[in-house]
Amino acid sequence: MRKNVTLVLSGGGARGIAHIGVIEEFVSRGYTINSIAGTSMGALVGGVYAVGRLNEFKEWAYTMDKQNALKLIDLSFGGQGLVKGNKVLKAMKTFIPDVNIENLGIKYTATAFDLAHNNEVVFDRGSLYDAIRASIAIPTVFTPVISGSQVLVDGGVSNNIPINNAIRTRRDLLVAVYVNADIPLYKPYLPKAERERQHSVYVQKIAELKQSLFKTDRRDQIRKYNYFNLINSAFVSMSNHLATNIIKNNPPDLLIEISRKSCGLFDFYKAEELVEIGRYATKRTLDSSKH
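Criteria and cut-off values
- Residues numbered from 1 in each chain as written.
- Predicted model: local features only at pLDDT ≥ 70, side-chain atom pairs only at ≥ 80, totals over all residues.
- Heavy atoms only, no water.
- Helix = DSSP H or I, 4+ residues; strand = E, 2+ residues; numbered from the N terminus.
- Buried < 20%, exposed > 50% of the residue type's maximum accessible area, 1.4 Å probe, protein only.
- Contact = heavy atoms within 4.5 Å.
- Areas by Shrake-Rupley, 256 points an atom, 1.4 Å probe, with all protein chains shown as cover.
- Phe/Tyr/Trp six-rings, centres within 6.5 Å; stacked < 30°, edge-to-face > 60°.
- Lys NZ or Arg CZ within 6 Å of the ring centre and 35° of its normal.
- Pairing = 2+ DSSP bridges.
- Axes fitted to C-alpha atoms, helices over the stretch in contact; angles between N-to-C directions.
- Parallel < 35°, antiparallel > 145°, perpendicular 65-115°, else oblique.
- Left-handed = near helix turned anticlockwise from the far one by under 90°.
- Nonpolar A, V, L, I, M, F, W, Y, C, P; charged D, E, K, R; others polar.
- Core = buried A, V, L, I, M, F, W, Y, C linked by side-chain atoms within 4.5 Å.
- Polar contact = N/O pair within 3.5 Å; in protein donor to acceptor, adjacent residues only side chain to side chain.

S.K.: Explain the overall build of the chain to me, please; I cannot follow it from the model alone.
M.R.: The helix and strand tally for the chain stands at eight helices and eight strands. Looking at the 291 residues of the chain, the share that counts as buried comes to 51%. Considering only contacts within the chain whose residues lie at least 6 apart along the sequence, 77% involve residues at least 24 apart. Accessible surface, the chain as shown: approximately 13800 Å² in total, 51% of it carbon and sulfur.

S.K.: I tried to follow the packing of aromatic side chains on my own but got confused; where do I start?
M.R.: One pair of aromatic rings is described through two measures. These are the centre distance and the angle between the planes. Applying the stated criterion across every chain yields a total of four aromatic pairs. Between phenylalanine 26 and tyrosine 31 the ring centres are 5.1 Å apart and the planes differ by 80 degrees, which places this aromatic pair in the edge-to-face class. Look at tryptophan 60 and phenylalanine 95: their rings are 5.4 Å apart centre to centre, the planes differ by 50 degrees, and that puts the pair in the tilted class. With tryptophan 60 in helix H3 (residues 54–63) and phenylalanine 95 in helix H4 (residues 86–95), this pair connects stretches of sequence that are 35 residues apart. You can call tryptophan 60 partly exposed: its relative accessible area is 26%. A cation sits over an aromatic face here: lysine 3 above tyrosine 31, 4.1 Å from the ring centre. The residue whose ring lies beneath arginine 284 is tyrosine 186, and the NZ or CZ to ring-centre distance is 4.2 Å.

S.K.: Is there a simple way to explain the pairing of strand E6 (residues 150–154) in this structure?
M.R.: Sheet faces and side chains relate simply in a regular strand, where the side chains alternate between the two faces. Pairing between strand E3 (residues 107–114) and E6: three bridges, direction antiparallel. Bridging across to E6, phenylalanine 113 finds its partner in valine 153. As judged from the three bridges shared by strand E5 (residues 145–147) and E6, these two strands associate in the antiparallel manner. Across the sheet, residue isoleucine 146 finds its bridge partner in E6, namely valine 151.

S.K.: Hey, could you run me through the packing of helix H1 (residues 18–28) against helix H8 (residues 271–287) in this one?
M.R.: The axes of two packed helices give the description: the angle between them and the distance between them. Viewed as axis vectors pointing N to C, H1 and H8 meet at an angle of 45 degrees, and their least axial separation amounts to 6 Å. Considering their axes alone, H1 and H8 lie oblique with respect to each other. Remark: the crossing between H1 and H8 carries right-handed chirality. On the side of H1, the interface is formed by Ala18, Ile20, Gly21, Val22, Glu24, Glu25 and Phe26, while H8 contributes Leu274, Val275, Gly278, Arg279, Thr282, Lys283 and Leu286. Taken together, the residues that form the contact of H1 with H8 break down as seven nonpolar, three polar and four charged.

S.K.: Help me understand the nonpolar core in this model?
M.R.: If you look at soluble globular proteins, the nonpolar side chains tend to sit buried side by side. In terms of nonpolar packing, the biggest core is built from 60 residues, with Leu7, Tyr108, Phe123, Val175 and Val177 touching the most fellow members. Discounting residues that sit within four places of it in the chain, valine 177 has contacts with Leu7, Val8, Leu9, Ser10, His19, Val22, Ile161, Ile256 and Ile258. Membership of the second largest hydrophobic core comes to twelve residues, among which are Ala37, Ile161, Ala176 and Ala243.

S.K.: Even after reading the chapter, I still don't get helix H5 (residues 128–135), so can you show me in this structure?
M.R.: For an α-helix, the turn length of 3.6 residues means that residues three or four places apart are oriented alike. Most of H5 sits inside the fold, with seven of its eight residues counted as buried. Looking at H5, one finds that the buried residues are Leu128, Tyr129, Ala131, Ile132, Arg133, Ala134 and Ser135. Measuring from the side-chain oxygen of the N-cap residue of H5 to the backbone nitrogen of tyrosine 129 gives 3.4 Å; that N-cap residue is serine 127.

Below you can see the structure in the form of structure tokens.
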């Protein structure tokens, strides 16, 4: 049985929090994660794990269910994108120290895309923070990262599940985690009281989002918000189509699939449930596998 794992983590907004549960399940079963390749949220979670801060990151994410997760999303309807990103980036710096990728204890790559030169950019050295910042720059959401002549955005533009960018290790098990799968939603059973609590929180957050979006200039806000949804849906559809082909052409040893129905792009306040969904999907895959 191969116990060394090379892990490929896809992007998917808040759904990427499920990667935490995936990692924890592998570690709890005695696997050693020697290498991680990630795009967008996969790059973020993988990077936090690589610097040994995954548990702190998870605990912080859980607090968003008790506070107001939307306060982290500093909305802006200017030309730079829907989210200014200042609060998200400030939070990132809490968990990502000033360290170079080549000095990490495991192999690591983050994938971004250069709009100026129309090519994929793979970070395997240099600042971990800068690599993650570029990889999570979702078009129409976060502002791009300007680096010299490069204009860097989310790697999901070209490669949302970067299997080909993974640095393989000796006698490893190549595991890809895709959090945008077109499959039914599988998740652990929750007691009725917990289901009702989560539903209540969801209703409250949606109401707060609507209020914050449309508190002024309602017609203009609605128009821009609908435009954002249209552009974002097109980006997600293209990204998912490309990811499906990547998986087909570069099949991993194990593919862990998590339904795209698990949550919306910005549903970070569902962190606790998403971690368990990731853990549950990993258990199902490993229990039915010969690896």
